[in-house]
Amino acid sequence: MENKGENMEKQDENYKVPNLEKGIAVLEYLSIDSVGKNLQDIKRELDISQTTAYRILNTLVRLGYLIYNESTKCYKLSRKLLSLGYRSLHEHNLLEIVLPHLRNLRDQVKETACFGVLGDKKGIFIEQAQGYHTFRFILSPGKPFELHCSAPGKAIMAYLPESVRDYYLSQMEFVRYNARTIVTLEAYLKELEKVRKLGYAMDNEEELSGVVCIGAPIFNYTGSPCGAIWISGPKDRLTKEMVRFSAECIKETAQVISQELGYCLNQEK
């Protein structure tokens, strides 16, 4: 006679999806190696057939969860999983660290202060501290932002490792929003050089006419940018003097957050 435990085990077996489990195993295996692994490594380490491994890998590439390098024949994780994970940032340590400083920044400049991270192809807005003015900008968590014409996008892109930056550049469409929008790779790379010299980035009405944004990157303990903070406001309020003042406040705030995340100021960016 079967006992209750055996019945439960049989029920659990009925609800298993073997290929889904294998797909998750592939993702977990690739998460421990930033360089990537080839098909033979993956099928050997995970003990799955070559046909099954190939189908899973190609599905994950097609869906954007993996990147395949033609020259090395290796697969590695994309940032799409990161974009999914950051949707639960209300319980994430990074957001807990950023939020108090975001509010302090808002108190200094009076404008809406925002925090965002890199997604798969664009940036992802995470949280904000709303400004004190009657007219202010309000965004919804999860909203994507362009990398070529936004202050946070430029701030992050300017400090990414070259290989990672090249990946995002290859995905960039340089959509033109108005006459101020950067629409060529050459002009964009010059803009990133400017960002590195200044330590902050600007969206000078490049997406929305009349709207100015100023942003700076946040670095983690590895020295890589893990996000950006920025403010947005109408150009009438963000005069040249206010831009200079706000940029210094943003840079100082980003520096404090980075230090709390384990970044050392003498690390090479």
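In short, a report on the structure. Counting restarts for each chain, with residues numbered from 1 along the sequence as it is written. Two thresholds apply to this predicted model, a pLDDT of at least 70 for residue-level local features and 80 or more for giving and counting side-chain atom pairs, whereas whole-chain, interface and lining totals are computed over all residues. Note: side-chain values were computed over all heavy atoms of the structure, leaving out hydrogens and water.

**Considering the environment of Cys-149**
Turning to step 1, where the next piece is worked out: Strands here mean DSSP runs of E at least two residues long; helices mean DSSP runs of H or I at least four residues long; both are numbered from the N terminus. Mapped onto the secondary structure, Cys-149 falls in the loop between β6 (144-145) and α7 (151-157).
Turning to step 2, where the next piece is worked out: Counting along the chain gives 31 residues from Cys-149 to Arg-180, while the straight-line C-alpha distance between them is 9.1 Å.
Turning to step 3, where the next piece is worked out: In this description, contact between two residues means that some pair of their heavy atoms is separated by no more than 4.5 Å. In this view, Cys-149 contacts Lys-154, Tyr-177, Thr-181, Asp-203, Glu-206 and Glu-207; residues no more than four positions away in its chain are not counted.

**Concerning the packing of aromatic side chains**
Turning to step 1, where the next piece is worked out: Geometry of aromatic contacts follows a simple scheme: Phe, Tyr and Trp rings, the Trp one being its six-membered ring, pair when their centres are within 6.5 Å, and the pair is stacked under 30 degrees between planes, edge-to-face over 60, tilted otherwise. According to the stated counting rule, one finds seven aromatic pairs in the structure shown.
Turning to step 2, where the next piece is worked out: On the basis of an interplanar angle of 80 degrees and a centroid distance of 5.1 Å, the ring pair of Tyr-167 and Tyr-168 is categorised as edge-to-face.
Turning to step 3, where the next piece is worked out: Take Tyr-167: its relative accessible area is 18%, and that puts it in the buried class.
Turning to step 4, where the next piece is worked out: Plain terms: the ring middles of Phe-174 and Tyr-188 are 5.7 Å apart, the flat faces sit at 75 degrees to each other, and that makes the pair edge-to-face. Placement of the pair is Phe-174 in the loop between α8 (162-171) and α9 (185-198) and Tyr-188 in helix α9, with a sequence separation of 14 residues.
Turning to step 5, where the next piece is worked out: Among the aromatic residues, ring-to-ring pairing joins Phe-125, Phe-145 and Trp-230 into one connected group. Residue exposure (1.4 Å probe, protein chains only): buried if accessible area is under 20% of the type maximum, exposed if over 50%, otherwise partly exposed.

**A short note on helix α2 (residues 18-30)**
Turning to step 1, where the next piece is worked out: To estimate the expected span of a helix, count its residues, drop one, and scale the result by 1.5 Å. For α2, spanning 13 residues, the distance from its first C-alpha to its last is 18 Å, which sits close to the expected 18 Å at 1.5 Å a residue.
Turning to step 2, where the next piece is worked out: Turning to α2, its buried residues are Gly-23, Val-26, Leu-27, Tyr-29 and Leu-30. Along the axis of α2, the buried residues cluster in a sector spanning 165 degrees; they form a single face. The arc in question is the one spanned by the directions pointing from the helix axis to the C-beta atoms.

**Considering the pattern of salt bridges**
Turning to step 1, where the next piece is worked out: When a carboxyl oxygen of Asp or Glu lies within 4 Å of a side-chain nitrogen of Lys or Arg, that pair is called a salt bridge. Under the counting rule described, the total for this entry stands at 11 salt bridges.
Turning to step 2, where the next piece is worked out: Residues Asp-107 and Arg-106 are paired through a salt bridge, measuring 2.8 Å at the closest nitrogen-oxygen approach.
Turning to step 3, where the next piece is worked out: Classification of Asp-107 as partly exposed rests on a relative accessible area of 32%.
Turning to step 4, where the next piece is worked out: Accessibility expressed as a relative area gives 13% for Arg-106, which makes it buried.
Turning to step 5, where the next piece is worked out: The residue Lys-122 makes a salt bridge to Glu-146 at a minimum N-O spacing of 3.4 Å. Here Glu-146 lies in the loop between β6 and α7 and Lys-122 lies in the loop between β4 (112-118) and β5 (123-129), a separation of 24 residues in the sequence.
Turning to step 6, where the next piece is worked out: Its relative accessible area of 36% is what places Lys-122 among the partly exposed residues.

**Here we look at the nonpolar core**
One broad trend across soluble globular proteins is that nonpolar side chains are buried collectively.
Turning to step 1, where the next piece is worked out: The set of buried Ala, Val, Leu, Ile, Met, Phe, Trp, Tyr and Cys residues whose side-chain atoms join them within 4.5 Å is what this entry labels a nonpolar core. Counting residues in hydrophobic clusters, the biggest one holds 30 residues, and the most contacted among them are Val-98, Leu-102, Leu-105, Phe-115, Ile-218, Ile-229 and Ile-231.
Turning to step 2, where the next piece is worked out: Among the elements of the structure, α6 (93-109), β4, β5, β8 (211-219), β9 (225-234) and α10 (240-260) are those that each provide at least two residues to this core.
Turning to step 3, where the next piece is worked out: No other element matches α6, which puts eight residues into this core.
Turning to step 4, where the next piece is worked out: Every residue in contact with Ile-231, bar those within four places of it in the chain, is listed here: Leu-105, Val-109, Glu-111, Thr-112, Ala-113, Val-212, Cys-213, Ile-214, Leu-238, Ser-246 and Ile-250.
Turning to step 5, where the next piece is worked out: Among the nonpolar cores identified, the runner-up in size contains 28 residues, and Leu-118, Ala-155, Leu-192 and Trp-230 belong to it.

**Structural notes on the sheet that holds strand β1 (residues 37-38)**
Turning to step 1, where the next piece is worked out: Two strands pair if DSSP finds at least two bridges between them. As summarised here, the arrangement of the three strands in space is β1-β3-β2, forming an open sheet in which the pairing is antiparallel. Edge strands, defined here as strands with exactly one partner in the open sheet, are β1 and β2 (66-69).
Turning to step 2, where the next piece is worked out: Direction of pairing for β1 relative to strand β3 (residues 74-77): antiparallel, over a ladder of two bridges. When the sheet's bridge partners are listed, Lys-37 is paired in β3 with Tyr-75.

**Some thoughts on the environment of Lys-80**
Turning to step 1, where the next piece is worked out: Here Lys-80 is to be found in helix α5 (residues 80-85).
Turning to step 2, where the next piece is worked out: As a C-alpha pair, Lys-80 and Leu-66 span 14 residues in sequence and 8.3 Å in three-dimensional space.

**With respect to unusual backbone geometry**
Turning to step 1, where the next piece is worked out: Positive phi values are uncommon outside glycine, yet Lys-73 reaches one of about 60 degrees.
Turning to step 2, where the next piece is worked out: At Glu-205, a residue that is not glycine, the phi angle is positive and equals roughly 60 degrees.
Turning to step 3, where the next piece is worked out: Here Glu-205 shows up in the loop between β7 (201-204) and β8.

**Let's talk about a nonpolar patch on the surface**
Turning to step 1, where the next piece is worked out: A cluster of nonpolar residues, Val-17, Leu-20 and Ile-24, forms a patch on the protein surface that exposes about 260 Å² of accessible area.
Turning to step 2, where the next piece is worked out: Counting through the fold element by element, Leu-20 comes out in helix α2. Patch rule: a residue counts if its relative accessible area is over 30% and it has no salt bridge; like charges are joined within 9 Å, and nonpolar side chains (Val, Leu, Ile, Met, Phe, Trp, Tyr) within 5 Å. Only the protein chains shown count as cover for residues, with accessible areas throughout obtained via the Shrake-Rupley method and a probe of 1.4 Å.

**Quick notes on the side chain of Ser-258**
Turning to step 1, where the next piece is worked out: Relative to the assigned elements, Ser-258 resides in helix α10.
Turning to step 2, where the next piece is worked out: Any pair of nitrogen or oxygen atoms within 3.5 Å is treated as a polar contact; in protein, a donor-acceptor pairing is required on top of that, and neighbouring residues in sequence qualify only through side-chain atoms on both sides. At 2.8 Å, the side chain of Ser-258 and the backbone oxygen of Ala-254 are in polar contact.

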